[in-house]
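# Notes for the structure review
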Amino acid sequence: MIYDVIIVGAGPAGATAALYAERLGLSTLLLDRAKFPRDKICGDALGGKSVAILRELGLLDRVRCLPGAKVDTIVFGSPDHTEARIDLTRAQRRDFVTGFVVRRRIFDAFLFEEARSRAIACHENFAVEDLIVDRGAVCGVRGRSADGETREFAGRIVLGADGYRSVVARKLGLYGIDAGHWIVALRQYMRNVAGLGDQIELHYVDGVLPGYFWIFPLENGCANVGIGMVQAAMKAKNVHLPDELSRAVRSPHFAARFAGAEALEKPVGWHLPVGSKRRPCHGAGFMLLGDAAGLIDPFTGEGIANAMYSARRAAETARLACNESDFGAASLSRYATRLWAEIGDEMKVSTRLQKLGRNRMLLNFTIRKAARNPKV
């Protein structure tokens, strides 16, 4: 069988792409090297853009029922510990819906099972090892199942949704680490952190500028606590993130909140290729989605929303390409054009805000202004 679309990676980008592809009548194969449910190191936040996609797919009411926390406020804390509270309901949009914080082990499994239930062909425990290329165009994948069997699948278009270490991007020569456009982060699940509410907190602490220390609520009194920093700055300042996370938790400003807290795991880390740099994300027979395309917000570090947006645009582009029987680079360039028309301005603003975060004085000034002035 020749599938219209083969999707490598079944996280939010891949599963969302599969759901949109199914809606558009495309024959779809969804592959992932893991077996769900599985953990994915992340801040676990689902913001307004993610909610918009979930509502469009008819999944929002079911996501509300998943274990987690609702969010209607963002707290930005400056290095001098001034806090600006952003009430998301002030947007006064008729369609406003709170955001959520849901562990990726739960959320990703939910999306994957939704794709499977809609008769989308799925293979878990299948590690894609190479791409099949014919006359310069990607036309399939080759990989190995859990029992060691090597298999090949043919497809008109391959979507690389396999995260920041994307095999698809590597095989195409598009993978590269640019320390100025990557963030390194640590996450640690904790219980009994004081002062949690319907809010996510981003605190710009001195040790990791440009970067921040976060506290996100979860279900049953648990929290996602972590710290992240631009990789280039981390190397230049010789910062050891586990030490900075421990220092932030024990600092005078936060010590009381963590006095009774219990760590549920050791800190675990990952890398985030951010959209302060636009990377190639398409070519003959392929498109890259989500983290594989470097679409993470440079200021907040959120990746799920843009991953889901890229999934929608990739599925729409695949449908057009199949209609025209044209899977060349020029045809699939519509994906990159439409995606960046949608998220490009936001990425530019977030990049400027990230650069502002390198200057302690400006960061203090801006957050103080925001704390006093709701318009700011």
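These notes cover the structure that comes with them. Since this is a predicted model, take the numbers as computed values, not measurements.

Relative to the helices and strands, His 203 is located in strand β13 (residues 199-203). Under the relative-accessibility criterion, His 203 is labelled buried at 3%. Among the polar contacts made by the side chain of His 203, one reaches the side chain of Glu 201 at a distance of 2.8 Å. In this view, His 203 contacts Val 75, Gly 77, Glu 83, Tyr 212, Phe 213, Ile 215 and Phe 254; residues no more than four positions away in its chain are not counted.

So, about the packing of helix α1 (residues 12-23) against helix α4 (residues 104-117). In helix packing, the relevant descriptors are the interaxial angle and the interaxial distance, both defined with respect to the helix axes. In contact at an axis separation of 9 Å, α1 and α4 are set at 25° when each is read in the N-to-C sense. When the axes of α1 and α4 are compared, the pair comes out roughly parallel. Crossing of α1 over α4 shows left-handed handedness. Contact with α1, carried on its side by Pro 12, Ala 15, Thr 16, Ala 18 and Leu 19, involves Arg 104, Phe 107, Asp 108, Leu 111, Phe 112, Glu 114 and Ala 115 of α4 and no other residues of that element. Tallied by class, the residues present in the contact of α1 with α4 amount to eight nonpolar, one polar and three charged.

Pairing between side chains becomes possible if they bear opposite charge and their charged atoms approach one another. Enumeration according to the criterion identifies 29 salt bridges in this entry. Of the charged contacts, one joins Arg 142 and Asp 130 as a salt bridge, the two residues approaching to 3.8 Å between their closest N and O atoms. With Arg 142 in strand β10 (residues 137-145) and Asp 130 in strand β9 (residues 126-134), this residue pair connects regions lying twelve residues apart in the sequence. Given a relative accessible area of 27%, Asp 130 falls into the partly exposed group. Glu 201 is the partner of Arg 257 in a salt bridge, and the nearest nitrogen-oxygen pair spans 2.7 Å. Here Arg 257 is found in helix α8 (residues 255-258), whereas its partner Glu 201 is found in strand β13, with 56 residues between them in sequence.

Conventions adopted
- Residues numbered from 1 in each chain as written.
- Predicted model: local features only at pLDDT ≥ 70, side-chain atom pairs only at ≥ 80, totals over all residues.
- Heavy atoms only, no water.
- Helix = DSSP H or I, 4+ residues; strand = E, 2+ residues; numbered from the N terminus.
- Buried < 20%, exposed > 50% of the residue type's maximum accessible area, 1.4 Å probe, protein only.
- Polar contact = N/O pair within 3.5 Å; in protein donor to acceptor, adjacent residues only side chain to side chain.
- Contact = heavy atoms within 4.5 Å.
- Axes fitted to C-alpha atoms, helices over the stretch in contact; angles between N-to-C directions.
- Parallel < 35°, antiparallel > 145°, perpendicular 65-115°, else oblique.
- Left-handed = near helix turned anticlockwise from the far one by under 90°.
- Nonpolar A, V, L, I, M, F, W, Y, C, P; charged D, E, K, R; others polar.
- Salt bridge = Lys/Arg side-chain N within 4 Å of Asp/Glu carboxyl O.

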